[in-house]
Amino acid sequence: METFFNRAQPVWLDGLEETPYIRAEFKTVLPAAGDSARVTVRIATSGVYQLYAGGCFVAYGPARAGKGHFRVDDIPLSRFLHAEETVLILEVCGYCVNSFYLQNQPSFVQAEVLVDGKSVRWTGEHFTVRANPWVVRKTQRYSFQRPMVEAYRYPIPYRQDGFYQPARCPSEQIPKRTADKRLLARTVPYPQYERLEARSVEGGRLEPFTPKAYWRDRSFLEIGEKLLGFPAEKLEVSAVKDCQELRELPDGRLDFDEPGRYVIYELPHNASGFLEIELACFSPLTLYVSFDELLMERAADGRASRVDCTRLDCANAVRYDLGAGRHSLRFFEPYTMKYLRLAVVGGTCAVEAVGLTEYKHPPLELDMAGLTPELRIIGLAALETFRQNAVDLFTDCPSRERAGWLCDSYFSGRVEYALTGGHTIERAFLENFLHEEPYTALPEGMVPMCYPADHYDGWFTPNWALWLLLELDAYRRESGDADLPARFHGKVSALLRYFERFENEDGLLEKLEGWVFIEWSRANEFVQDVNYPTNMLYAAALAAVGRLYGDEALLRKADRVRSAVLVQSFDGEFFVDNARRVDGRLERTGMISETCQYYAFFFKLATPDTHTKLFERLLSEFGPQREATVWPQVCPSAPFIGNYLRLDICMQYGYRQQAMDNVVEYFLHMAQMTGTLWEHEDIRASCCHGFASYVLYWLATDLFEKG
């Protein structure tokens, strides 16, 4: 195993390794180094960190790994050092709760500063630690998928309390050594930190407001053994509740010269990162920062705010209790927003600057000179969407979840290849699945639907496990790397054994367990007993494994599954979605989805030659311009994955212009509104969703074909 640290030991606050939501500040003082010296710091942790040198933000990390494994960051420091000595602050958050974002593991940090390769400071000897005294600890979860939201109390001007000075504070202590950890290289690029400035767009007064119903989702109501956190009765604050009780009365003023005022700010585009606020408080006050990806219309029923901090089923609100004086505020975690509202209660202040430091993949380029203006707008939004969802692994969204979902990753992996010609992030994403054996709370052989994550409720998506097999095959084909798929052989074999339990007399999967998921449309109502889109996917997965490992028997099995689906599903006009077991026999239900047709062509059960009439009908009568009265018995597809499969089919069979026209019809309104691409066609969910960047794959393919 590679050795990453010369002297550093894993440490934490004594006795608090498994205590939920501890924000620990580790501090050391670096001596002056020569102008030509190369100074770096190496960091590993089970949580997440922010690094400061001389009071300046340096980095956030680390890259995530699978259970029991921790990736090591190596951060350059030279440009942040002072002429004499520099205070280094490494603030680490150990959540110690389950989530889709970070796994529940005992907290630790291991860090070492090197000058020209020689260790000069390290945990276990040169770092002191204290719990951040300004953090409100007992807050609600940010969402079902992410841990606790932030809240702070700064009775004195922030960053003038002495901890950023060399002298030792009374609250500092020597951290306690913890057990050794299994460390890995980061392997993925370091993020880009780009500063965006916010501009004020609306201001006014605040008045008390009683909502008809408070937003309280499962992350608030269902805290217990399967969803860890602080129960409602033990919360110290609830900023999202408070924000629902403050209604806006716009008056055109953009100041905080009297208590009870608000200002709404806008960023250049929907962005992910760390919000920063510089302000001078003239008296003690409470500042509520609420944020969202959209600015809502002012509702006729008097919605409390145009910045709806609950729209995404997240607690998109942070509370600061501030004393008089100057404060430099900065969010610890990355959140996603285009709009934010500052609401000041109980005092007055002057806000001097509002901005966001972006946290995303380094710059990427795609030559879009050959595209129409509309496609360039969409392409830039897709590029922005990819960068926000391709930092340490492929995420579904940078907001609600920051989770690495299978299936989504198949499409994101193809985007990475189209943009970079490589698979750096995809390899790290896939490798993480190899770190845990067996997976906690899942049936034997099953893999998690998203990872690294804790699924205490045992919930899983069998379809997404099958997409993993397709992704491994695509990865091997594009990268030429046979090593990683070879390392998956045991897990793949176990997964196929799991599915064999559900094969019926025709070899088709029947009555699958878990969350059998096709897409967010009525197609997901037709998943039992035999779901034909799932079996189309199963055939493709069997063939992928057959190719990966040279297994002819699996290739023949895949052909048998395809043949059975063709015989049973196609009614002469459409592919029917499912069949039910009635008196021991399978009977087609007659339920038909648009997406089922796209599955058939995407997985080559049907082609324009074998099903010419259906293919022509799909091209001309379905898609974004489909009339509701046309084929009403065929339920419309959803963006993911039905619409994406449609566009991919158009590209595969040479209908590039129709594909590009559909891209404009599906995505232009998103790109124009937020500068990113969305989870759905409407605004009910994430407005920056990783799989939507697959648009870049089509654009790159189209440009290549034209070139």
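The coordinates are above.
Residues numbered from 1 in each chain as written. Predicted model: local features only at pLDDT ≥ 70, side-chain atom pairs only at ≥ 80, totals over all residues. Heavy atoms only, no water.

Caption draft 1: The arrangement of the overall build of the protein in detail. Looking only at helices and strands, one finds 15 helices and 27 strands in the protein. Computed over the C-alpha atoms, the radius of gyration of the protein is 27 Å, within 12% of the 27 Å expected from 2.2 N^0.38 for a compact globule of 707 residues. In terms of overall dimensions, the protein has a C-alpha envelope of 80 × 60 × 55 Å along the principal axes. Counting over 707 residues, the protein shows a buried share of 63%. Counting only contacts in the protein whose residues sit at least 6 apart along the sequence, the fraction spanning at least 24 positions is 78%. In the protein, the 77 positive side-chain charges and the 98 negative ones have mean positions that sit 3 Å from each other. (Helix = DSSP H or I, 4+ residues; strand = E, 2+ residues; numbered from the N terminus. Rg over C-alpha atoms; globule rule 2.2 N^0.38 Å. Buried < 20%, exposed > 50% of the residue type's maximum accessible area, 1.4 Å probe, protein only. Contact = heavy atoms within 4.5 Å. Lys, Arg positive; Asp, Glu negative; His and termini not counted. Charge placed at Lys NZ, Arg CZ, Asp CG, Glu CD.)

Caption draft 2: Quick look at the sheet that holds strand β2 (residues 22-31). One open sheet accounts for 5 strands, arranged β5-β4-β7-β2-β10; its pairing is antiparallel. Bordering the open sheet on either side are β5 (56-61) and β10 (128-131), each of which pairs with just one other strand. Pairs of neighbouring strands in the sheet enclose a mean axial angle of 20 degrees, with direction left out of account. Where β2 and β10 come together, 4 bridges link them in antiparallel fashion. Bridge pairing links Phe26 to Val129 in β10. (Pairing = 2+ DSSP bridges. Axes fitted to C-alpha atoms, helices over the stretch in contact; angles between N-to-C directions.)

Caption draft 3: Main features of unusual backbone geometry. The step from Glu437 to Pro438 runs through a cis peptide bond, and the omega angle for that step is -10 degrees. Considering the arrangement of structural elements, one finds Pro438 in the loop between α5 (424-432) and α6 (462-479). In this model, Gln528 is joined to Asp529 through a cis peptide bond whose omega is 0 degrees. When you line up the elements, Asp529 lands in the loop between α8 (489-500) and β23 (530-531). Of note in this structure, Asp116 is not a glycine but carries a positive phi near 50 degrees. Along the chain, Asp116 falls in the loop between β8 (109-115) and β9 (118-122). Here Asp116 falls in the exposed class, since its relative accessible area comes to 54%.

Caption draft 4: View of the layout of surface pockets. Its boundaries defined by the atoms lining it, the largest pocket holds a volume of some 640 Å³. Lining the largest pocket are 28 residues, with Arg400, Glu401, Trp515, Trp520 and Glu679 sitting closest to its centre. For the lining of the largest pocket, the per-class residue count stands at 13 nonpolar, 4 polar and 11 charged. Its boundaries defined by the atoms lining it, the second largest pocket holds a volume of some 480 Å³. (1 Å grid on protein atoms, 1.4 Å probe; cavity = no way out; pocket = protein on both sides within 12 Å on 5 of 7 lines; lining within 4 Å. Points joined across faces, edges and corners; volume = space filled by probe spheres on them. Nonpolar A, V, L, I, M, F, W, Y, C, P; charged D, E, K, R; others polar.)

Caption draft 5: Seen up close, empty space enclosed by the protein. Applying the stated criterion to the full structure yields 11 cavities of 30 Å³ or more. Its boundaries defined by the atoms lining it, the largest cavity holds a volume of some 130 Å³. Along its surface, the largest cavity is lined by 15 residues, and Ser46, Arg64, Ala65, Leu102 and Gln105 are the ones closest to its centre. When residues in the lining of the largest cavity are grouped by element, the largest group, 3 residues, is from strand β6 (residues 69-76). Across the lining of the largest cavity, the residue classes break down as 7 nonpolar, 6 polar and 2 charged. In this structure, the second largest cavity spans a volume of roughly 100 Å³. The set of elements that each furnish at least two residues to the lining of the second largest cavity consists of β2, β4 (48-53), β7 (85-94) and β11 (151-154). Across the lining of the second largest cavity, the residue classes break down as 8 nonpolar, 2 polar and 5 charged.

Caption draft 6: Structural context of the nonpolar core. Judged by nonpolar contacts, the single largest core of 133 residues is most densely connected at Trp467, Met536, Phe603, Phe667 and Trp698. It is helix α9 (residues 532-549) that contributes the most residues to this core, 11 residues altogether. For Trp467, the residues in contact, after removing those within four places along its chain, are Cys407, Tyr410, Phe411, Leu537, Phe602, Phe603 and Ile641. (Core = buried A, V, L, I, M, F, W, Y, C linked by side-chain atoms within 4.5 Å.)

Caption draft 7: Representation of the sheet that holds β23 in the model. Sheet architecture is open: 3 strands sit in the order β23-β24-β25, paired in antiparallel fashion. Whereas interior strands pair on both sides, the edge strands pair on one side only; in this sheet they are β23 and β25 (585-588). Bridge analysis of β23 against strand β24 (residues 578-582) gives 2 bridges, and the strand direction is antiparallel. Note on β24: the bridge partner recorded for Asn531 is Asn578.

Caption draft 8: Just the packing of helix α4 (residues 408-420) against α5, in detail. Two elements in contact, α4 and α5, have axes separated by 8 Å at closest approach and are oriented at 150 degrees. Overall, the two elements α4 and α5 adopt an arrangement that is roughly antiparallel. Contacts between α4 and α5 involve Ser409, Gly413, Arg414 and Glu416 from the first element and Thr424, Ile425, Glu426 and Phe429 from the second. The class makeup of the residues in the contact of α4 with α5 is 2 nonpolar, 3 polar and 3 charged. (Parallel < 35°, antiparallel > 145°, perpendicular 65-115°, else oblique.)

Caption draft 9: Focus on the side chain of Glu384. Its location among the elements puts Glu384 in helix α3 (residues 373-388). Judged by relative accessible area, which is 11%, Glu384 ranks as buried. Setting aside anything within four residues of it in sequence, one finds Glu384 in contact with His269, Asn270, Glu358, Lys360, Gly675 and Thr676.

Caption draft 10: Local environment of the pattern of salt bridges. Throughout the structure, instances matching the rule amount to 55 salt bridges. Of the charged contacts in the structure, one is a salt bridge between Asp242 and Arg319, with a shortest N-O distance of 3.1 Å. Linking Asp242 in helix α2 (residues 239-244) with Arg319 in strand β19 (residues 317-322), this pair joins segments that are 77 residues apart in sequence. A relative accessible area of 18% places Arg319 in the buried class. As a salt-bridge pair, Arg330 and Glu276 come within 1.9 Å of each other at their nearest N and O atoms. Placement of the pair is Arg330 in strand β20 (residues 325-330) and Glu276 in strand β17 (residues 261-281), with a sequence separation of 54 residues. Residue classification places Arg330 among the buried positions, given a relative accessible area of 10%. (Salt bridge = Lys/Arg side-chain N within 4 Å of Asp/Glu carboxyl O.)

Caption draft 11: Molecular detail of helix α11 (residues 594-602). In terms of burial, α11 is a largely internal element, 9 of the 9 residues being buried. Of the positions making up α11, those classed as buried are Glu594, Thr595, Cys596, Gln597, Tyr598, Tyr599, Ala600, Phe601 and Phe602. Packed against the buried residues of α11 are α6, α9, β26 (592-593), α12 (612-621), β27 (634-635) and α13 (639-652). Following α11 by one or two positions, Lys604 has its phi on the positive side, about 65 degrees.

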